[in-house]
Amino acid sequence: MQASTFLILDGNSLAHRAFHAIPHLATSQGVATNAVYGFTNMLFKVLKEVKPDLAAVCFDKGRVTFRHDHYEDYKAHRPGTPDELRPQFPLIKEVLAAMNIPVLECEGYEADDLIGTLAGRAEQAGISSIIVTGDQDTLQLVSPLTRVFLTRKGISELEEYTEGRVWERFGITPAQFPDYKGLVGDPSDNIPGVPGIGPKTAKALLKEYGSLEEVVSHVDDLPARQRDKIRQYHEQALLSKRLATIEREVPLEINLDAFRWPGPDYNQLLSLFSRLEFKTLIRVIRQELGEKEEAEGRQPAREVETYRVTFRHLTGREDLSRLVELCRRAGRVAIALSGSRQEGIVAAALGLKAPGDSPEAPYLSIFYLEPGDPASNPAALDALARIFRDPDTEKLLHDGKSALWLLQKHGLALNNLAFDTMVAAYLLNPASANQELADLALEHLKVVLPARGEEALAARADVIWRLSELLAEKLRLAEMERLYYEVELPLVAVLADMEMTGVAVDKQYLEEMSRELEIKLAAIAEQIYQLAGEQFNINSTRQLGYILFEKLELPVIKKTKTSYSTDASVLEELAGAHPIVPLVLEYRQLMKLKSTYVDGLAALINPETGRLHTTFHQTVTATGRLSSSDPNLQNIPIRMEEGRKIRRVFIPRREGNLILTADYSQIELRILAHMSGDPNLLEAFRQGQDIHTRTAAEVFGVAITEVTADMRGRAKAVNFGIVYGISDFGLARDINVSRQEARQYIENYFARYAGVKAFIERTIQQAREKGYVTTLLNRRRYLPDLFSANRNVRMFGERTAINTPIQGSAADIIKLAMVRIHRELKERGLATRMILQVHDELIFDMPAGELPEVSELVRRHMENALVLDVPLVVDMKLGPNWYEVKKI
DNA sequence: GTGTTCACG
DNA sequence: ACGTACGTGAACACC
């Protein structure tokens, strides 16, 4: 054998490291996976760096080892394996099996001993070894052929130990390590050593005498203090040395060839990772596979069977018109498109159950066409257009909204979107990080999608078909059919329409604001530099921290993980302490306005339409809300007057139109009243009272007429707190009262609204039983955090259990209203367009003349979206832009 | 890419 | 004794 490298891992040590280094991590079903994840990541990293020819992972076996024969208290103080870690060992071994790395364990021996034995055999065969572990004892194995990599700081870094490095760090040779431990001891293994002898003395003694035995035999030559200690404890020291000595002759049949590493079994690995929900690792592997195939050329020796489908590449006009007919007769077709918003549709694959498909043949017929090349294929786009338009053909898509954007480029319509696998998968688990088709294929069908080419698109069509059937059944079982077919699926096209319509903007006004802010910012910056006595980057929290807390010596209020906190709450507290502080606050505010809103929005104006076309994300939030990006139009300033002015920029799309806004009044608290059935809360809403005033009266025990503005403000914070899963600490911080006082408010609240208290307790209890919480329309969110061993994580889970049904039900309601409003606007042929949704508010771009009709229908659909035990109330405003809207 | 800060409901 | 409201996205600094 020549110049081979043997990678030997200490499975137990690394699993423990990973467990403590990776914060709680679990599958959506609550199976703890943090140690498996950390271990696997580390394994990948090491394999990539070392590229070993041989590999093995050693584990401890048996609670009692030969060391206990000598010393029954060996490792006695070590806490047992944590409950959340123990079940992860079998999973780690599954990972290793899929990696084709042998696992070695031997009854009565620790991983160290196996590692020592393996490394010894390797040395005899002239093979160099790399040992990876968190256990310092292993350093005694270091030799010219054997290196040890110790984990440092969790799992992210490894420190390499050669003989030289051991000498540098400890001042001893690797072979002296057991002697060293014999003197110094090791509290973590409950090895006593010699009390009073530390690293320095031990190092000096071993340098002088070479070994512990020699030290003991020369005990009379030692200085008095050391002599007494060694005399008293020499037996204990020799025992400690034996305990710390790694057994290098474990009786095992070892054939080094058995450890030759052939590389991973990618199929097994992908299926395991999809079970463990290791999305990132799945991507890493898929990437690796792609690179591998590329490197190996067109005829790769495949180690993994990527999903293969047979398909027909259609070009002829006759074939294409037959395809349209085929789709019609089949009644439903799965469609995968490739292309971009700029070019439109480049290629398409269609999957359908054709009447002629024999039971022997693949049950799907798949066709591939390229409308992107009109010269060679003029009829393809026309065929697609007819299929998409046909209301009698059900279309199955993944990410229908993106498909609608592609179609729009060619001016095509889509009728009868019957299933969207992306949206379906989101409903089944809204917490998952993404809903990409490749991930769904892995998770639900256990297949790996090919990455590129015609085959990839054909496979996507096939997978969309199969997933549609599978996910539809899962939705049925989860009782989410109404939510899916009445709300989320029709919403796809509604959102597409909103995005495409876009929001008109006043570009000149935006540019004006930018210039003004520029000037103000420069002036403030100048004053800040004057007061600081130097120029620095005010945007840098680090530099600002240095100026405030070191140069100007202002008191440190709060720290972040890495340095001083300079957030608004800190600066407000320091505002009186130095004139620079209020300037920094103002600078921050204006800077935010300019960069995020003024300049940020301007950069995203579509040059063709002159409007902003946000993207609404339907499969992102854990609660069921939408989110918005590029630009985010759901966080346009309103609370501060300076920021609020930004809203002037948002104008109707043509002369004679107005901006109409309609927002739900207190929808979350109304939902709370409905879900809890609390009589007090129900009454407040039924009588149309101001809810915060009513709460103030209840909490402070005064008449409604006696409630002051201050009391109302505090009560408002209490109401918010209830919806978020209140804590006295959070409430106290928010309204600046003592924690005791906050606790009193909460107690009073629950005394007056006992139904709410019962609802909270009931909701958490049910969440624990089922593992998930639900909304009014049965939207579901799994809460593995409820079962965490970590109290903080668990309490976080409890707060989410309360908040999600409320926030999510509000999302259900407004989405239902959006679908119905959109439908009726269309049916009536109105020119009004719904352009934005901001969680509890809808915004319309409306011809002034349509006001009576539109305001009636919007109010009707919003207020009657669902019938609750309290009325839903909508406030409407109207104006020439989003800033100047006035109540109607 | 991660951390900090801050805008919204 | 601990560390705390729920849900998002964007800009910037710094590695």
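Everything discussed here concerns the structure shown above.
If you're wondering where the values come from, they're calculated on a predicted model, not measured in any experiment.

Attention now moves to helix H5 (residues 111-124). The terminal C-alpha atoms of H5, which comprises 14 residues, lie 20 Å apart, in line with the 20 Å expected from a rise of 1.5 Å per residue. For H5, the tally of buried residues reaches 11 of 14 residues, placing the bulk of the element in the interior. Looking only at H5, the buried set comprises Ala111, Asp112, Asp113, Leu114, Ile115, Gly116, Thr117, Leu118, Ala119, Gly120 and Ala122. Within two residues after H5, Gly126 carries a phi angle of roughly 75°, on the positive side.

What links the strands of a sheet is backbone hydrogen bonding, and the strands pair in either a parallel or an antiparallel sense. Pairing within the open sheet is mixed, and its six strands lie in the order E7-E10-E9-E8-E11-E12. This sheet does not close on itself; its edge strands, each paired only once, are strand E7 (312-313) and strand E12 (417-420). In this structure, strand E8 (residues 332-340) lies alongside strand E11 (residues 394-397), joined through three bridges in parallel fashion. In the sheet register, Arg332 faces E11, and the bridge partner there is Glu394.

Let us now look at the protein's contact with DNA strand B. Around DNA strand B, a shell composed of 23 residues is seen, among which Thr566, Lys592, Ile638, Arg639 and Asp840 lie nearest. Side-chain polar atom of Arg588 to a phosphate oxygen of DNA strand B: 3.0 Å apart, as the coordinates give it. A distance of 3.0 Å separates a base nitrogen of DNA strand B from a polar side-chain atom of Arg625. The biggest single contributor to the surface near DNA strand B is helix H23 (residues 580-603), with three residues. Residue composition of the surface near DNA strand B, by class: seven nonpolar, nine polar and seven charged.

Relative to the elements of secondary structure, Ile528 occurs in helix H20 (residues 507-532). Separated by 77 residues in sequence, Ile528 and Ile605 have C-alpha atoms that sit 34 Å apart. Residues contacting Ile528, with those up to four places away along its chain left out, are Phe536, Ile538, Ile580, Leu583, Val584 and Tyr587.

Moving on to the protein's contact with DNA strand C. Taken together, 36 residues lie around DNA strand C, and Asn537, Ser540, Ser627, Asp630 and Arg799 are the ones closest in. At a separation of 2.9 Å, a phosphate oxygen of DNA strand C approaches a polar backbone atom of Ala622. In this structure, Arg781 approaches DNA strand C through a side-chain N or O atom, which is 2.9 Å from a phosphate oxygen. Sorting the residues of the surface near DNA strand C by element identifies helix H21 (541-551), H23, strand E16 (627-629), helix H28 (709-724), helix H29 (728-735) and helix H32 (791-827) as the ones contributing at least two each. Counting residues per element, the surface near DNA strand C draws most heavily on H32, which supplies seven residues.

Further remarks concern helix H27 (residues 691-700). Of all 10 residues in H27, nine are buried, a share of seventy percent or more. Every buried residue of H27 is listed here: Ile691, His692, Thr693, Arg694, Thr695, Ala696, Ala697, Glu698 and Val699. The N-cap of H27, judged by a side-chain oxygen 3.0 Å from the amide nitrogen of His692 a few residues on, is Asp690. The first or second residue beyond H27 is Gly701, which carries a positive phi of 65°.

Overall, antiparallel pairing links the three strands, which are arranged E14-E13-E17 in an open sheet. Since the sheet does not close on itself, it has two edges, and those belong to strand E14 (611-612) and strand E17 (650-651), each with one partner. As judged from the two bridges shared by strand E13 (residues 503-505) and E17, these two strands associate in the antiparallel manner. Across the sheet, residue Ala504 finds its bridge partner in E17, namely Ile651.

With that settled, the discussion passes to the packing of aromatic side chains. With the rule as written, the count across this model stands at 17 aromatic pairs. Between Phe273 and Phe278, the aromatic rings sit 5.7 Å apart at their centres with planes inclined by 50°, giving tilted as the arrangement. Since its relative accessible area comes to 0%, Phe273 is described here as buried. On the basis of relative accessibility, which here comes to 2%, the residue Phe278 falls in the buried class. Connected via pairs of aromatic rings, a cluster forms that spans Tyr37, Phe44, Phe273 and Phe278. Above the face of the Phe59 ring, Lys93 is positioned so that its terminal group lies 4.7 Å from the ring centre. The residue whose ring lies beneath Arg341 is Trp405, and the NZ or CZ to ring-centre distance is 3.9 Å.

So, how was this worked out
Residues numbered from 1 in each chain as written. Chains lettered and ligands numbered in written order. Predicted model: local features only at pLDDT ≥ 70, side-chain atom pairs only at ≥ 80, totals over all residues. Heavy atoms only, no water. Helix = DSSP H or I, 4+ residues; strand = E, 2+ residues; numbered from the N terminus. Expected span 1.5 Å × (residues − 1). Buried < 20%, exposed > 50% of the residue type's maximum accessible area, 1.4 Å probe, protein only. Pairing = 2+ DSSP bridges. Near = heavy atom within 4 Å. Polar contact = N/O pair within 3.5 Å; in protein donor to acceptor, adjacent residues only side chain to side chain. Nonpolar A, V, L, I, M, F, W, Y, C, P; charged D, E, K, R; others polar. Contact = heavy atoms within 4.5 Å. Phe/Tyr/Trp six-rings, centres within 6.5 Å; stacked < 30°, edge-to-face > 60°. Lys NZ or Arg CZ within 6 Å of the ring centre and 35° of its normal.

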